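Chain by chain, the residues run as shown.
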Amino acid sequence: MSVYQGMSAETLEAEYNLTARRGAEDFAALVERWLARSARHRERSGARVDLAYGPGERDRLDLFAGNDADGPLLVYIHGGYWQRGDKGMYSFVSEAYLRHGVSVALLNYTLTPTVRMGEIPPQIRRAVRWLWSNAAELGYSRERLHVMGHSAGGHLTAMMMATDWPTFDAALPADLIKGGIPVSGVFDLEPIVHTTLNTGPRMTIEEAKAESPLFMPMASDAPQLVVDGGGETEEFHRQSDAYVERVASDARSVERYVVPDDDHFDELHRLAEEDSELFARSMRLIGGASA
């Protein structure tokens, strides 16, 4: 029986349950490798971990300093379908950026079902505001903030691009974010409602539509780089293509890039590789120490 755009719940499960698609054992081994690599990187880089951007238990971020007070900051938002994941797993993403003078902040946020979906974007906005307000002390330029997120973090990246910052806080500039990089983002949340992945979010269709950046006006004309992997499902390609078609305009540069062959998870490795095309394209958007 069709539940969404001619697709059954079983089809949607196969398209969006990417951990199952990868295989539980393979995915668990991948996570272990990420955790070990990230722990080594935090120790070598002297990262400042668990900085509080608010009073909540998960109002925390890790900061990797690019050692350039005039350099950019890349804010990274992890995935996990809004119900799992932790910043500490993804520290390795910052490796190559640090070598190019880019500071990187990796965020935690409160997960569902502890909160409803609608509570998560405001928490990310508070983290971004804190990073903007404390830029001088933390060692980067508040005029060069960029946002990147993967999967559910890609959704939250797009939500930041749709944020009217002066309405959120009158002290903030409208152009607070200078660029966005959603990686394998979910921009229309309704398909998730019909899968087991809704166990944490417990979204209604109405909630899903209300939290879908695909249906929101972009408040920012900052450039975006919209990425997914060549080995991903058709639904993830469709999501990214639809988002680009929706938000690209003469005033807003939106670049589309498909990482050859990589699946939903392996594409993250390219962000940490200085010789990868994905890293090069992201650096053209972000700029580095000499920008």
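Structure: see above.
Please read these numbers as outputs of a predicted model, since none were measured by experiment.

Participant: Help me get a handle on the nonpolar core, residues and values and all.
Facilitator: Membership of the largest hydrophobic core comes to 94 residues, with the highest contact counts inside it found for W82 and Y97. Sequence-distant contacts of Y97, defined by excluding residues within four places in its chain, comprise L74, V102, V104, M148, L271, F279, S282, M283 and I286.

Participant: Lay out the sheet that holds strand β6 (residues 103-107) with the relevant residues and their values.
Facilitator: Pairing within the open sheet is mixed, and its 8 strands lie in the order β3-β4-β6-β5-β7-β8-β9-β10. The sheet is open, and its two edges are formed by β3 (48-52) and β10 (254-259), each paired on a single side. With direction set aside, neighbouring strand axes in the sheet form an average angle of 20°. Where β3 and strand β4 (residues 60-64) come together, 3 bridges link them in antiparallel fashion. In the sheet register, A52 faces β4, and the bridge partner there is R60. On the sheet, helix α11 (residues 234-247) packs against β8 (177-183), β9 (224-229) and β10 and is oriented at approximately 165° with respect to β9.

Participant: Any chance you could break down α11 for me, citing the residues and the numbers?
Facilitator: For α11, which comprises 14 residues, the first-to-last C-alpha distance of 20 Å matches the rise-based estimate of 20 Å (1.5 Å per residue) to within 8%. For α11, the set of buried residues is E235, F236, H237, Q239, S240, Y243, V244 and V247.

Participant: A description of the pattern of salt bridges should follow, citing residues and the corresponding values.
Facilitator: Two side chains carrying opposite charge are able to pair once their charged atoms lie near each other. Tallied over the entire structure, the rule returns 20 salt bridges. Of the charged contacts in the structure, one is a salt bridge between R58 and D86, with a shortest N-O distance of 3.7 Å. Note that R58 is positioned in the loop between β3 and β4 and D86 in the loop between β5 (73-77) and α4 (95-99), a separation of 28 residues in sequence. With relative accessibility at 30%, the residue D86 sits in the partly exposed group. Between R116 and E207 there is a salt bridge, with its nearest N and O atoms 2.6 Å apart. Remark: E207 occurs in helix α10 (residues 205-210) and R116 occurs in the loop between β6 and α5 (120-133); sequence separation between them is 91 residues. According to the relative accessible area criterion, R116 is partly exposed, its value standing at 30%.

Participant: Account for the environment of N134, with residues named and values stated.
Facilitator: Structurally, the position occupied by N134 is in the loop between α5 and α6 (135-138). Expressed as a C-alpha distance, the spacing of N134 and Y53, which sit 81 residues apart in the sequence, is 9.9 Å. One polar contact links the side chain of N134 to the main-chain carbonyl oxygen of W130, over a distance of 2.8 Å.

Participant: I'd love a proper account of the packing of helix α1 (residues 9-16) against α11, names of residues and values included.
Facilitator: At a minimum axis distance of 7 Å, the contact between α1 and α11 shows a crossing angle of 80°. With respect to each other, α1 and α11 are oriented roughly perpendicular. Of the residues in α11, those in contact with L12, E15 and Y16 of α1 are E234, E235, F236, R238 and Q239. Here the contact of α1 with α11 is built from residues that sort into 3 nonpolar, 1 polar and 4 charged.

Participant: Outline the packing of aromatic side chains, supporting the account with residue identities and numerical values.
Facilitator: Under the defined criterion, the tally for this structure stands at 9 aromatic pairs. With a centroid separation of 5.4 Å and 55° between ring planes, the pair formed by Y16 and F236 is classed as tilted. Of the two residues, Y16 sits in helix α1 while F236 sits in helix α11, which places them 220 residues apart along the sequence. The class of Y16 is buried, set by a relative accessible area of 0%. The exposure class of F236 is buried, given its relative accessible area of 0%. Members of the aromatic cluster, each reached through a chain of ring pairs, are W34, Y76, Y90 and F92. The ring of W132 has R142 lying over it, and the distance from NZ or CZ to the ring centre is 4.0 Å.

Participant: Before we move on, can you summarise the side chain of S184 with the specific residues and values?
Facilitator: Relative to the helices and strands, S184 resides in the loop between β8 and α9 (190-193). By relative accessible area, which is 0% here, S184 ends up buried. Once residues lying within four places of it in the same chain are set aside, the contact partners of S184 are H150, S151, V227, D228, G229, E232, F236, H264 and E267.

Participant: Give me the environment of V128: which residues, what numbers.
Facilitator: The topology assignment puts V128 in helix α5. Along the backbone, V128 and Q224 are 96 residues apart, and their C-alpha atoms lie at a distance of 17 Å. When near neighbours in sequence (up to four residues on either side) are disregarded, V128 contacts L145, M160, W165 and L176.

Participant: Break down unusual backbone geometry for me, with residues and values.
Facilitator: A cis amide bond links T112 to the next residue, P113, at an omega of 5°. By secondary structure assignment, the location of P113 is in the loop between β6 and α5. Here Q5, not a glycine, exhibits a phi torsion of approximately 45°, which is positive. Structurally, the position occupied by Q5 is in the loop between β1 (2-4) and β2 (7-8).

Conventions we followed
Residues numbered from 1 in each chain as written. Predicted model: local features only at pLDDT ≥ 70, side-chain atom pairs only at ≥ 80, totals over all residues. Heavy atoms only, no water. Core = buried A, V, L, I, M, F, W, Y, C linked by side-chain atoms within 4.5 Å. Buried < 20%, exposed > 50% of the residue type's maximum accessible area, 1.4 Å probe, protein only. Contact = heavy atoms within 4.5 Å. Pairing = 2+ DSSP bridges. Helix = DSSP H or I, 4+ residues; strand = E, 2+ residues; numbered from the N terminus. Axes fitted to C-alpha atoms, helices over the stretch in contact; angles between N-to-C directions. Expected span 1.5 Å × (residues − 1). Salt bridge = Lys/Arg side-chain N within 4 Å of Asp/Glu carboxyl O. Polar contact = N/O pair within 3.5 Å; in protein donor to acceptor, adjacent residues only side chain to side chain. Parallel < 35°, antiparallel > 145°, perpendicular 65-115°, else oblique. Nonpolar A, V, L, I, M, F, W, Y, C, P; charged D, E, K, R; others polar. Phe/Tyr/Trp six-rings, centres within 6.5 Å; stacked < 30°, edge-to-face > 60°. Lys NZ or Arg CZ within 6 Å of the ring centre and 35° of its normal.

Keep in mind these numbers describe shape, not what the thing actually does.
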